[in-house]
Each structure stands twice: as C-alpha cells, then as structure tokens.
Amino acid sequence: MLDAATGEGRNLPPLLALGRPVTACDASAAALGKIPAPLRQRVALVESDLAELPLPSASFAFVLLSDVVETLPDPVAVLRELGRLLVPGGLLLLNIPDSDDGIAGIEMEPTAANGWLYRGRYYFRFYSRAEAEALIVEAGLALVESHVATWHEEPHPHFRPEAHTHRSLILTARRFGP
Ligand SMILES: C[S@@+](CC[C@H](N)C(=O)[O-])C[C@H]1O[C@@H](n2cnc3c(N)ncnc32)[C@H](O)[C@@H]1O
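Remember, predicted model here, so these are calculated numbers, not experimental data.

Q: I'm lost on the pairing of strand β2 (residues 23–26) in this one. Help?
A: Two faces make up the sheet, and in a regular strand the side chains alternate between them. With burial as the criterion, each face of β2 is covered, one bearing Thr23 and Cys25 and the other bearing Ala24 and Asp26. As paired strands, strand β1 (residues 2–4) and β2 are joined by 3 bridges and run parallel to one another. Across the sheet, residue Asp3 finds its bridge partner in β2, namely Ala24.

Q: Help me out: how do you make sense of the pattern of salt bridges in this one?
A: Taken as a whole, this structure holds 7 salt bridges when the rule is applied. With a shortest N-O distance of 3.0 Å, Asp67 and Arg10 are connected by a salt bridge. Pair noted here: Asp67 is in the loop between β4 (60–65) and α4 (75–85) and Arg10 is in the loop between β1 and α1 (12–16), with a separation of 57 residues, a long-range link.

Q: In this structure, what is going on with α4? I would like to understand it.
A: Along an α-helix, a turn takes 3.6 residues, which lines up residues three or four apart on a common side. In terms of burial, α4 is largely enclosed, as 8 of its 11 residues are buried. On its buried face, α4 sits against β1, β4, β5 (86–97) and α5 (129–138).

Q: Is there a simple way to think about the environment of Leu135 in this case?
A: Within the element layout of this structure, Leu135 appears in helix α5. A relative accessible area of 9% places Leu135 in the buried class. With 59 residues separating them along the chain, Leu135 and Val76 place their C-alpha atoms 5.9 Å apart. Residue contacts for Leu135: discarding those within four places in its chain leaves Val69, Pro75, Val76, Leu79, Ile96 and Tyr127.

Q: Sorry if this is basic, but what is going on with the packing of aromatic side chains here?
A: Any two aromatic rings considered together are summarised by their centre-to-centre distance and by the angle between their planes. Enumeration over the complete set of coordinates arrives at 3 aromatic pairs. Arranged with centres 6.3 Å apart and planes meeting at 35 degrees, the rings of Tyr118 and Tyr122 form a pair that is tilted. Aromatic pair Phe124 and Phe126: ring centres 6.1 Å apart, planes at 10 degrees, arrangement stacked. For the pair formed by Phe124 and Phe126, the shared burial category is buried. The rings of Tyr118, Tyr122, Phe124 and Phe126 are connected pair by pair, giving a single aromatic cluster.

Q: Quick question: what am I supposed to make of the side chain of Asp26 here?
A: By the element assignment, Asp26 lies in strand β2. Salt bridges are absent for the buried Asp26, whose nearest opposite-charge side chain, Arg10, sits at 11 Å. Among the polar contacts made by the side chain of Asp26, one reaches the main-chain amide nitrogen of Gly7 at a distance of 2.8 Å. When residues no more than four places from it in sequence are discounted, the contact partners of Asp26 are Ala5, Thr6, Gly7, Ala31, Leu32, Val46, Glu47 and Ser48.

Q: Honestly, unusual backbone geometry in this entry has me stumped. Any pointers?
A: A negative phi angle characterises most non-glycine residues, just as the trans form characterises most peptide bonds. Phi is positive for Ala58, close to 55 degrees, though the residue is something other than glycine. With respect to the secondary-structure elements, Ala58 resides in the loop between β3 (44–47) and β4. Although it is not a glycine, Arg119 adopts a positive phi angle of roughly 50 degrees. Relative to the assigned elements, Arg119 resides in the loop between β7 (115–118) and β8 (122–125).

Q: Which parts of the structure should I look at to understand the sheet that holds β2?
A: Either a parallel or an antiparallel arrangement is found when strands of a sheet pair, and the pairing is made through backbone hydrogen bonds. Spatial ordering of the open sheet is given by β3-β2-β1-β4-β5-β10-β9, a layout of 7 strands whose pairing is mixed. Edge positions in the sheet fall to β3 and β9 (142–153), since each has one partner strand and no second. Ignoring strand direction, the axes of neighbouring strands in this sheet form an average angle of 15 degrees. Relative to β5, β4 runs parallel, the two sharing 5 bridges. Across the sheet, the residue bridging to Val63 is Leu92, located in β5. Contacts between α4 and the sheet are confined to β1, β4 and β5, with β5 contributing the most and set at about 145 degrees to the helix. Lying on the sheet, α5 is in contact with β5, β9 and β10 (164–174); it crosses β9 at an angle near 140 degrees.

The rules we used
Residues numbered from 1 in each chain as written. Predicted model: local features only at pLDDT ≥ 70, side-chain atom pairs only at ≥ 80, totals over all residues. Heavy atoms only, no water. Buried < 20%, exposed > 50% of the residue type's maximum accessible area, 1.4 Å probe, protein only. Helix = DSSP H or I, 4+ residues; strand = E, 2+ residues; numbered from the N terminus. Pairing = 2+ DSSP bridges. Salt bridge = Lys/Arg side-chain N within 4 Å of Asp/Glu carboxyl O. Contact = heavy atoms within 4.5 Å. Phe/Tyr/Trp six-rings, centres within 6.5 Å; stacked < 30°, edge-to-face > 60°. Lys, Arg positive; Asp, Glu negative; His and termini not counted. Polar contact = N/O pair within 3.5 Å; in protein donor to acceptor, adjacent residues only side chain to side chain. Axes fitted to C-alpha atoms, helices over the stretch in contact; angles between N-to-C directions.

Worth remembering: the numbers are spatial, not functional.
Encoded structure:
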C-alpha cells in the first residue's frame, strides 16, 4: 500500500493496521521528518514529487491520496502516475473538499482557472462531484464509486469562528486490467 503525500503520517496507523507493507511518500522533507519514530520504523519512506515517483510500475494494490488533490496545479498528471504504480485492478482512494464546502474564500483570493490562493501563497482548487469524476476518467482510471461525505465541526479559533459543516468528495478508482 502507498500513502501518497503522507504529510506527517496522520493516516499511517489505520493503513498499518491492515497488516500489509506500507510505503509513504511526500515532497516535503520537513513533513516526513515529523512522522513519529515508532511509525517511521514500520514504513518505507520516499521523498519525491507525486508527479514522478521513483517507484516501479504495478507495485501497489492500494493507494491513498488524502487531502492532496485540491493543492495540485495538475492533478491529472499525478493521478496518471499513481495509476502507473497500481497493479491491474488495484484501487486508489482519494478525497477532495467539495466546491460547496464553504471553505473557499476564507482568507483566499480567487486566481485564474477556478483556483484560490490561501494567505497569498498556498494554491487550492475545489471541485464539483462531476469535475472530480472527470479527473479520474481523464487520468485513464476506472471510476468505481463516488459520494459526498458531510460532517459537523466546532469553531476553529482564529480561522472559522462559527460551528460549520464540511462537505468532501470521496472517490474510489481502479486501474484497468485483467
Ligand atoms: C494537507 S497535507 C495532507 C497530508 C496527509 N495525506 C493527510 O491526509 O494528513 C498535503 C501534503 O501533500 C504534499 N504535497 C503537495 N503537493 C505534492 C507533490 N506535488 N508531490 C508530493 N507531495 C506533495 C505536501 O507536502 C503535504 O504534506
């Protein structure tokens, strides 16, 4: 299994609990450095850009891409690369904040091509369900399932002073093959 853009490894415990070998990659050495030592010892770490991973084709049965697509200027290139890494029939699970989530615009300025710039430096783009499904197809993967998840959160101090509801798209895709 591959945790693609693992960040500080938040999702490694549930992946490791499945009992299969886990690889974790990220472009940020600083983020990888914050993965707690007991977790680091149990995974293979790769520092790399997602668009060109130094990993052999068809080597993962499952790839997780959590909270990443919305930050990518070219998500299709990354989805294609993750498709290359999947074995035929292998699964990719990803999430993206829905364009109706309500986060767009909070400390963000709109950019060209439907994007946003958060605090003047971090790129975000939010997708409708149809747009997110189209990314999967354009990347040459088979869409297995998509749905919208909603959950309620209490105020975040200094960011969102009111309790609010999030909407996130959850998509599962499969690499074509025998
Ligand atoms: C919001 S964090 C999500 C981390 C983790 N997946 C999670 O759910 O907690 C986004 C991560 O994507 C990484 N990232 C963004 N663009 C990347 C790229 N092109 N290649 C590799 N990593 C990237 C960032 O370094 C960051 O660690």
